[in-house]
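So you can see what is in the structure, the chains are spelled out below.
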Amino acid sequence: MNADQTEVERLVRDAFAAHEHIAPDGDAVFAAARARIHRRRAVLNRPLVVAAGVVALTLAAATAVVLNRPDPTPADGLAGPAEQLRTAGPTSGASAEPAVADLPMPFALGWLPEGSVEYVARRINIGGSAEDPGTPLYGGEYMLTVTADDQVLRIDVQQFRMVSVDQAAFKSGPGRSVTVNGQPGVESANPDGLGAYELYVAHPDGGSMYVNVSNPPGGTVPAARLGEVGRRIAQDLRFPGTATVTPAFGLRDLPGDLRVCAFEVAKRSDAGPGVNTRYSVGTCEVLPPIMVGTGGQDVPTGTPGEPVQGRETRYVSENGHQRLWVLDAVDGSAVQLGGPVPVAQLYDIAGRLVLPD
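Just so you know, these numbers come straight off a predicted model, no measurement behind them. (Residues numbered from 1 in each chain as written. Predicted model: local features only at pLDDT ≥ 70, side-chain atom pairs only at ≥ 80, totals over all residues. Heavy atoms only, no water.)

Engineer: Honestly, the overall build of the chain in this entry has me stumped. Any pointers?
Structural biologist: Check the secondary structure of the chain and you find five helices and 22 strands. By residue count, 50% of the 357 residues in the chain fall in the buried class. At a minimum sequence separation of 6, the contacts of the chain that also span at least 24 residues come to 62%. (Helix = DSSP H or I, 4+ residues; strand = E, 2+ residues; numbered from the N terminus. Buried < 20%, exposed > 50% of the residue type's maximum accessible area, 1.4 Å probe, protein only. Contact = heavy atoms within 4.5 Å.)

Rendered as structure tokens:
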């Protein structure tokens, strides 16, 4: 195994570990994926980036992501009300000017149960195989909390490009064969187990989709309802769909061979107003070394630095790892940049931030 492959595997493993409370058995899925990669004699190459508009995020129409029940647009291809991730129109008249470009997801949710929604949407674009170097090993993911009438559902929908249905690994015990929209799948229903309801269904282009629906600790949603919700979500997945998420800020015209290799946009009640946004920036061949995001320490105690885009900055250097904060950048909060790179490189990237008005 070469060094690049080790780094990519570590990134994928970290992605599982970051949400192991809701994802399938990360070690088991990772082992299956690794075995598949080795069987195919895969070697890692530079993958395609998220999309052309993500590599160099440019100004676009001012929009807002909604996760309630808007009426679908004709492009959604849906009839009647549906829970979906989509963009709304300009918030202040038809001539509203752009602010921050939306980020495309690799699949769309055509339906979610009624209720208020908190979410995390993420996409990791790194790694590939000899047969398909442009397709990352990992796809996209939506983690959602849906609350209605004092009942709470935890929902996780992920794309596993590197795991087929016959390699499915469950937290709660063995599964049984099912068919969803003509595609083979395997489901496991154990409301008292770690996974509650879990479903793998074949992706039309290879790999699989994973749907997990569960109660939070102390939750009361019946087992039958968990399965009903999970199957309905799987039936209404859209590939590739038109779903996008609107980040709190963007990046544009990154220097040299730097690219956006991963992003995460989160809307949670414990995260305050707006959305938290994080980007991983690097060459996308190995673990991206530079992180850029909101939601961290908003009032750093570091050394005052050079102003960026008319805003004050702070920086800290710790054992070769640099951190730079651009203050009052997004809704009064700082954007933090960090990595084992020269601070001058962080300043360069900070100058390319696309910040809201």
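Engineer: What should I look at first to understand the state of the cysteines in this one?
Structural biologist: Cysteine pairs can be linked by a disulfide, which is a covalent bond between their two sulfur atoms. Evaluation of the coordinates by the stated rule reveals one disulfide. Disulfide pairing is shown between Cys261 and Cys284; the S-S distance is 2.2 Å. Residues Cys261 and Cys284 share a disulfide whose torsion about the S-S bond is about -100°; that sign makes it left-handed. Taken together, the positions of Cys261 in strand E15 (residues 259-267) and Cys284 in the loop between strand E16 (276-282) and strand E17 (290-293) put the pair 23 residues apart, joining distant regions of the chain. (Disulfide = S-S within 2.5 Å.)

Engineer: Looking at this structure, I do not really get the side chain of Ser188. What am I missing?
Structural biologist: With respect to the helices, strands and loops of the structure, Ser188 is situated in strand E9 (residues 183-190). With residues near it in sequence (within four places) discarded, Ser188 still touches Phe170, Ser172, Gly173, Pro174, Gly175, Ala196, Tyr197 and Glu198.

Engineer: Where do I start with the pairing of E17 in this structure?
Structural biologist: Two faces, one strand: in a regular strand the side chains alternate between the faces of the sheet. Taken together, the four bridges between E16 and E17 define a ladder with antiparallel strand orientation. Among the inter-strand pairings, Tyr279 is bridged to a residue of E17, identified as Val292. Bridge count for E17 against strand E21 (residues 333-339) is three bridges, and the pairing is antiparallel. From the neighbouring strand, Val292 faces E21, where its bridge partner is Leu337. (Pairing = 2+ DSSP bridges.)

Engineer: Could you clarify how one ought to interpret the packing of aromatic side chains in this entry?
Structural biologist: The way to describe two aromatic rings as a pair is by their centre distance and the angle between their planes. Scanning all chains against the criterion turns up six aromatic pairs. Centre to centre, the rings of Tyr200 and Tyr210 are 5.0 Å apart; their planes meet at 55°, and the pair counts as tilted. Here Tyr200, found in strand E10 (residues 196-202), pairs with Tyr210, found in strand E11 (residues 208-214); they are ten residues apart in sequence, far enough to count as distant. The two residues Tyr200 and Tyr210 agree in class, both being buried. The structure contains a cluster of three or more aromatic residues connected by ring pairs, namely Phe160, Phe170, Tyr200 and Tyr210. (Phe/Tyr/Trp six-rings, centres within 6.5 Å; stacked < 30°, edge-to-face > 60°.)

Engineer: Teacher, can you tell me more about unusual backbone geometry here?
Structural biologist: Peptide bonds are trans in most cases, and residues, glycine excluded, mostly fall at negative phi. At the junction of Phe239 and Pro240, the peptide bond is cis and its omega measures out at -10° in the coordinates. Residue placement: Pro240 occurs in the loop between strand E12 (237-238) and strand E13 (244-245). Of note in the backbone geometry, Asn181 takes a positive phi value of approximately 50° without being a glycine. Its location among the elements puts Asn181 in the loop between strand E8 (176-180) and E9. With relative accessibility at 56%, the residue Asn181 sits in the exposed group. Residue Asp331 is not a glycine yet carries a positive backbone phi of 50°. Structurally, Asp331 can be placed in the loop between strand E20 (321-330) and E21. Judged by its relative accessible area of 68%, Asp331 is exposed.

Engineer: Teacher, can you tell me more about the pattern of salt bridges here?
Structural biologist: Side chains bearing opposite charge may pair, as long as their charged atoms lie close to each other. Applying the stated rule across the entire model yields eleven salt bridges. We note a salt bridge from Arg238 to Asp236, for which the minimum N-O separation is 3.8 Å. Accessibility expressed as a relative area gives 15% for Asp236, which makes it buried. Here Glu318 ties to Arg323 by a salt bridge, and the two come within 3.5 Å at their closest N and O atoms. Of the residues examined, Arg323 reaches a relative accessible area of 21% and is grouped as partly exposed. (Salt bridge = Lys/Arg side-chain N within 4 Å of Asp/Glu carboxyl O.)

Engineer: What is the right way to look at the side chain of Gln159 in this model?
Structural biologist: Tracing the backbone shows Gln159 in strand E7 (residues 151-160). Here Gln159 falls in the buried class, since its relative accessible area comes to 3%.

Engineer: What is the right way to look at the pairing of strand E19 (residues 313-318) in this model?
Structural biologist: Inspection of the sheet shows strand E18 (residues 303-304) paired to E19 by two bridges, in the antiparallel sense. Its bridge partner being in E19, Thr303 is matched across the sheet by Tyr315. Bridge count for E19 against E20 is six bridges, and the pairing is antiparallel. Each residue of the ladder has a partner; that of Ser317, found in E20, is Gln322. Between E19 and E20, which pair antiparallel in sequence order, lie two residues; one of them, Asn319, sits at a positive phi of approximately 55°.

Engineer: I tried to follow helix H4 (residues 223-235) on my own but got confused; where do I start?
Structural biologist: Residues that lie three or four places apart on an α-helix share one face, since the helix turns once every 3.6 residues. Compared with the 18 Å implied by 1.5 Å per residue over 13 residues, the 19 Å span of H4 between its first and last C-alpha is a close match. Buried residues belonging to H4 abut E7, E8, E10, E11 and E12. (Expected span 1.5 Å × (residues − 1).)

Engineer: In this structure, what is going on with the confidence of the model for the chain? I would like to understand it.
Structural biologist: Detailed reading of the predicted coordinates is not advisable wherever pLDDT falls low. Across the chain, pLDDT averages 73, with 67% of residues at or above 70. Scored below 50 in pLDDT, residues 15-22 shows 21 contacts in the model against residues more than four places distant or in partner chains. (pLDDT = per-residue confidence, 0-100.)

Engineer: Looking at this structure, how should I read helix H5 (residues 343-350)?
Structural biologist: Among all positions of H5, only Leu346, Ile349 and Ala350 are buried. The buried residues of H5 occupy an angular sector of 100° when projected down its axis, which confines them to one face. On the buried face of H5, the contacting elements are strand E14 (250-251), E17, E20, E21 and strand E22 (353-354). (Arc of directions from axis to C-beta.)

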